[in-house]
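Structural features, examined
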Amino acid sequence: MSKIKIGIIGYGNLGRGAEFAINQQQDMELVAIFTRRGPSGVTPLNPTVPVYHVDEVVQFVEKIDVMILCGGSATDLPEQTPTFTRLFNTVDSFDTHAKIPEHFAAVDAVAKAHQTVSVISVGWDPGLFSLNRVLAEAVLPVGETYTFWGKGVSQGHSDAIRRIEGVLDAKQYTIPVEAAMDAVRNGKQPALTTRQKHQRECFVVVEDNADRQRIEQAIVSMPNYFNDYDTTVHFVPQAELDANHAGLPHGGFVIRSGQTGEANNELMEFRLKLDSNPEFTASILVSYARAAHRLAAAGQFGAKTVLDIPLGLLSPRSSETLRKEFL
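What this report covers is the structure whose coordinates are included nearby. On a predicted model such as this, the values are computed, not experimentally measured, just so you know.

1. Details of the sheet that holds strand S10 (residues 198–206)
Here we have 4 strands laid out as an open sheet, ordered S8-S9-S10-S11, and mixed in their pairing. Each of the sheet's edge strands pairs with one partner strand only, and the pair in question is strand S8 (152–153) and strand S11 (230–235). Here 2 bridges tie S8 to strand S9 (residues 167–176), and the two strands are oriented antiparallel to one another. Within the sheet, the bridge partner assigned to Val153 lies in S9 and is Tyr173.

Next up, the structure:
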């Protein structure tokens, strides 16, 4: 059987993770990597994988089955996903929750017009956590669902700190409040504010003569990032940040607390604990690339989300094997 031919657009942490993940799949091969930096700015894990400027992507129409888009959600994917879905089946990790409906609509129109499949908003949240929220509410219609993130590095929040004048480098951790999780797990179904669910901890490297008080105030009062949370700021030297905060761990919990019958309390919980957020996210993207390829082969064109795709399409195993070994 011929292998699924995969392309990667963008080769940051997520793109590199996608190459790792493709190497672990026996039914896939990485055809090429495309980047705005051009070939000289990228060194693939496998030196035999060719690298092209993204402008050359049109030469690979009908040579790549699924293109994995590894750009950012803020500015890259809203433009890239519709553009490349005109040419290829695609998978993206668009994660701006409030804008998913409009992103879906824009990509769906393109995919249907050009008879391609695009699976959007793939990852663990949105993604695997979305699946668990839907499943838990369907099983326990009477109850409450809670999502906790962390402990883990928030790359967007870390970047926001680095943009403050006088800051040289920074890492920010999102930390779930243990007391809140304990209350949920005990079936109390509390009404929790943003501040009651998560804390933020920042490790910041600043210029020698920087005003640390001004920088700390700029962090803790930053709208949409820190002002709704209890935030702790630690000023550290670059060597300490490099030594103790070089990784990109993350994870979290989806918990559904509900009732069945007349007085029985039930709890459903899904947990992720990740050493590498981008590598795990990339692994999910790669599994959904297989589903995109299968849907396209079946003529089921258009935009899809994880909520639209049967789990069996993610697996390289046949339906018969899945029924025999996994049910």
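2. Considerations on the nonpolar core
If you look at the biggest cluster of nonpolar residues, it comprises 40 residues, and the most contacted ones within it are Ile6, Ile22, Ile68, Val91, Val119, Val122 and Tyr288. Elements supplying a minimum of two residues to this core: strand S1 (4–9), helix H1 (13–23), strand S2 (28–35), strand S4 (66–69), strand S6 (117–119), helix H4 (128–139), strand S13 (264–274) and helix H10 (277–297). Looking at which element gives the most residues to this core, the answer is H10, with 10 residues. The residues contacting Val119, other than those within four sequence positions of it, are Thr90, Val91, Asp92, Tyr288, Ala292, Lys304, Thr305 and Ile309. Judged by nonpolar contacts, the second largest core, of 18 residues, contains Phe60, Leu69, Leu77 and Ile120.

3. Looking at the sheet that holds strand S12 (residues 250–260)
Strands in a sheet are paired, the pairing made by backbone hydrogen bonds, and the direction either parallel or antiparallel. What the 3 strands build is an open sheet, ordered S7-S12-S13; its pairing is antiparallel. Edge positions in the open sheet fall to strand S7 (143–149) and S13, since each of these has one partner strand only. Between one strand axis and the next, the sheet turns by 10 degrees as a mean value, whatever way the strands run. With 11 bridges joining them, S12 and S13 adopt antiparallel strand pairing. Directly across from Thr260, in S13, lies its bridge partner Asn264.

4. Describing the packing of H1 against H10
Packing of H1 against H10 brings their axes to within 7 Å, and their N-to-C directions diverge by 55 degrees. With respect to H10, the axis of H1 lies oblique. Where H1 crosses over H10, the handedness of that crossing is right-handed. Every residue of H10 that contacts H1 at Asn13, Leu14, Gly17, Ala18, Phe20, Ala21 and Ile22 is listed here: Pro278, Glu279, Thr281, Ala282, Ser283, Leu285 and Val286. Its residues assigned to classes, the contact of H1 with H10 shows 9 nonpolar, 4 polar and 1 charged.

What counts and how
Residues numbered from 1 in each chain as written. Predicted model: local features only at pLDDT ≥ 70, side-chain atom pairs only at ≥ 80, totals over all residues. Heavy atoms only, no water. Pairing = 2+ DSSP bridges. Helix = DSSP H or I, 4+ residues; strand = E, 2+ residues; numbered from the N terminus. Core = buried A, V, L, I, M, F, W, Y, C linked by side-chain atoms within 4.5 Å. Buried < 20%, exposed > 50% of the residue type's maximum accessible area, 1.4 Å probe, protein only. Contact = heavy atoms within 4.5 Å. Axes fitted to C-alpha atoms, helices over the stretch in contact; angles between N-to-C directions. Parallel < 35°, antiparallel > 145°, perpendicular 65-115°, else oblique. Left-handed = near helix turned anticlockwise from the far one by under 90°. Nonpolar A, V, L, I, M, F, W, Y, C, P; charged D, E, K, R; others polar.

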